[in-house]
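Residue-level structure breakdown
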Amino acid sequence: QKEVEQDPGPLSVPEGAIVSLNCTYSNSAFQYFMWYRQYSRKGPELLMYTYSSGNKEDGRFTAQVDKSSKYISLFIRDSQPSDSATYLCAMSASGTASKLTFGTGTRLQVTL
Amino acid sequence: DAGITQSPRHKVTETGTPVTLRCHQTENHRYMYWYRQDPGHGLRLIHYSYGVKDTDKGEVSDGYSVSRSKTEDFLLTLESATSSQTSVYFCAITPGGRGGANVLTFGAGSRLTVL
């Protein structure tokens, strides 16, 4: 079993929809949680960064971490065609020299 | 991909040949990483460096070696390429420390095909 599980999709939604992306993990030492967005044939770029449990909001994006359930989510409100990309969750434990463990990524398509 | 450059961006080679991928950064960041990305596996860490001449293995280091003789350059070498090493390779950097740790900046990737 992988340390981080993520539904690969693809997920197709109409423009304006609310999107929910999720990851589960098994390593209770993970304390730092990130979401990266990757456009086709590009490198991943950091979208959201959260430490420990709780919510974080940035514009149309909200990241949630539930450490008790080992479950993290990314919500996208008012989705746009420009949000079409692969979304990767990533996490790490304290003191691991920023060695991240990534999910496999969920491919999102926002249609007009 | 400002501040981090990977070369070559595309390479086709034959089984058994040596291959070196280069990552160059202009950010003066301490930490540098090499990941590979494959369908169904996501990004997996190959090797990383926490300073000049200081490197360590990641989860998929077999068949790969690295070197870092200058802060700005991190080289990934496949001594004898195999078809299983066909992948997209990403370099990443981070300054490390409070506030900087875990915030990786990735390069554009190097697509390697081993025939």
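Scroll up to find the structure this text is about.
I will try to describe carefully the structure that is included in this document. (Residues numbered from 1 in each chain as written. Chains lettered and ligands numbered in written order. Predicted model: local features only at pLDDT ≥ 70, side-chain atom pairs only at ≥ 80, totals over all residues. Heavy atoms only, no water.)

All right, on to the overall build of chain B then. Across its full length, chain B carries zero helices and 11 strands. Written out in order from the N terminus, the α and β elements of chain B read β-β-β-β-β-β-β-β-β-β-β. In summary, chain B has a C-alpha radius of gyration of 13 Å against a globular reference of 13 Å for 115 residues, a match within 12%. Dimensions of chain B, computed from the C-alpha atoms along their principal axes, are close to 45 × 30 × 25 Å. Evaluated residue by residue, chain B yields a buried proportion of 50% over its 115 residues. A sequence separation of at least 24 residues applies to 55% of the contacts in chain B between residues at least 6 apart. Of the roughly 5,300 Å² of accessible surface on chain B, 48% is carried by carbon and sulfur atoms. Positive and negative side-chain charges of chain B, numbering 12 and 11 respectively, have mean locations separated by a distance of 2 Å. (Helix = DSSP H or I, 4+ residues; strand = E, 2+ residues; numbered from the N terminus. Rg over C-alpha atoms; globule rule 2.2 N^0.38 Å. Buried < 20%, exposed > 50% of the residue type's maximum accessible area, 1.4 Å probe, protein only. Contact = heavy atoms within 4.5 Å. Areas by Shrake-Rupley, 256 points an atom, 1.4 Å probe, with all protein chains shown as cover. Lys, Arg positive; Asp, Glu negative; His and termini not counted. Charge placed at Lys NZ, Arg CZ, Asp CG, Glu CD.)

The next point concerns the pairing of strand β8 (residues 71-76) of chain A. All names here are of chain A. Bridge analysis of strand β3 (residues 19-25) against β8 gives six bridges, and the strand direction is antiparallel. Paired with Cys-23 across the strands is Ile-72, a residue of β8. Where strand β7 (residues 61-66) lies against β8, six bridges are found, and the strand directions are antiparallel. The residue of β8 that forms the bridge with Val-65 is Ile-72. (Pairing = 2+ DSSP bridges.)

The next thing to look at is the packing of aromatic side chains. A complete count under the given rule lists 15 aromatic pairs over all chains for this structure. Geometrically, the ring pair formed by B:Tyr31 and B:Tyr33 is stacked, given 6.5 Å between the ring centres and 15° between the ring planes. Members of the aromatic cluster, connected to one another through ring pairs, are A:Tyr36, A:Phe102, B:Tyr31, B:Tyr33, B:Tyr35, B:Tyr48, B:Tyr50, B:Phe90 and B:Phe106. (Phe/Tyr/Trp six-rings, centres within 6.5 Å; stacked < 30°, edge-to-face > 60°.)

What follows concerns the nonpolar core. Residue and element names in this part refer to chain A. With 25 residues, the main nonpolar core has Trp-35, Ile-72, Leu-74, Tyr-87 and Met-91 as its most contacted residues. Secondary-structure elements contributing two or more residues to this core are β3, β4 (30-38), β5 (45-51), β7, β8, β9 (85-93) and β11 (106-111). Tallying contributions element by element places β9 first for this core, with five residues. Sequence-distant contacts of Tyr-87, defined by excluding residues within four places in its chain, comprise Gln-6, Leu-21, Trp-35, Tyr-36, Arg-37, Leu-47, Leu-74, Ile-76, Gly-105, Thr-106 and Leu-108. (Core = buried A, V, L, I, M, F, W, Y, C linked by side-chain atoms within 4.5 Å.)

The next point concerns the interface of chain B and chain A. By convention, interface size is frequently given as the accessible area that disappears when the constituent parts associate. Facing the 21 residues of chain B at the interface are 20 residues of chain A. With both chains or domains summed, chain B and chain A bury close to 1,700 Å², and 53% of this area falls on carbon and sulfur atoms. Applying the counting criterion to the chain B and chain A interface returns zero salt bridges. Joining chain B to chain A, the criterion identifies four residue pairs in polar contact (both at pLDDT 80 or more). Mapped onto the side of chain B that touches chain A, the elements with two or more residues apiece are β4 (31-38), β5 (42-51) and β9 (87-94) of chain B. (Buried area = accessible area lost by both parts, 1.4 Å probe. Salt bridge = Lys/Arg side-chain N within 4 Å of Asp/Glu carboxyl O. Polar contact = N/O pair within 3.5 Å; in protein donor to acceptor, adjacent residues only side chain to side chain.)

Let us look at the side chain of B:His29. All names here are of chain B. Its place among the elements puts His-29 in the loop between β3 (19-25) and β4. His-29 gets classed as buried once you look at its relative accessible area, which sits at 16%. Excluding residues within four positions of it along the chain, His-29 makes contact with Arg-68, Thr-71, Ile-93, Thr-94 and Pro-95.

Further remarks concern the side chain of B:Asp73. Residues and elements named next belong to chain B. Locating Asp-73 in the fold gives a position in strand β8 (residues 73-78). Looking at Asp-73, its side chain comes within polar contact range of the side chain of Arg-22, at 3.1 Å. Discounting chain neighbours no more than four positions away, the residues touching Asp-73 are Arg-22, Cys-23, His-24, Met-32, Ser-67 and Arg-68.

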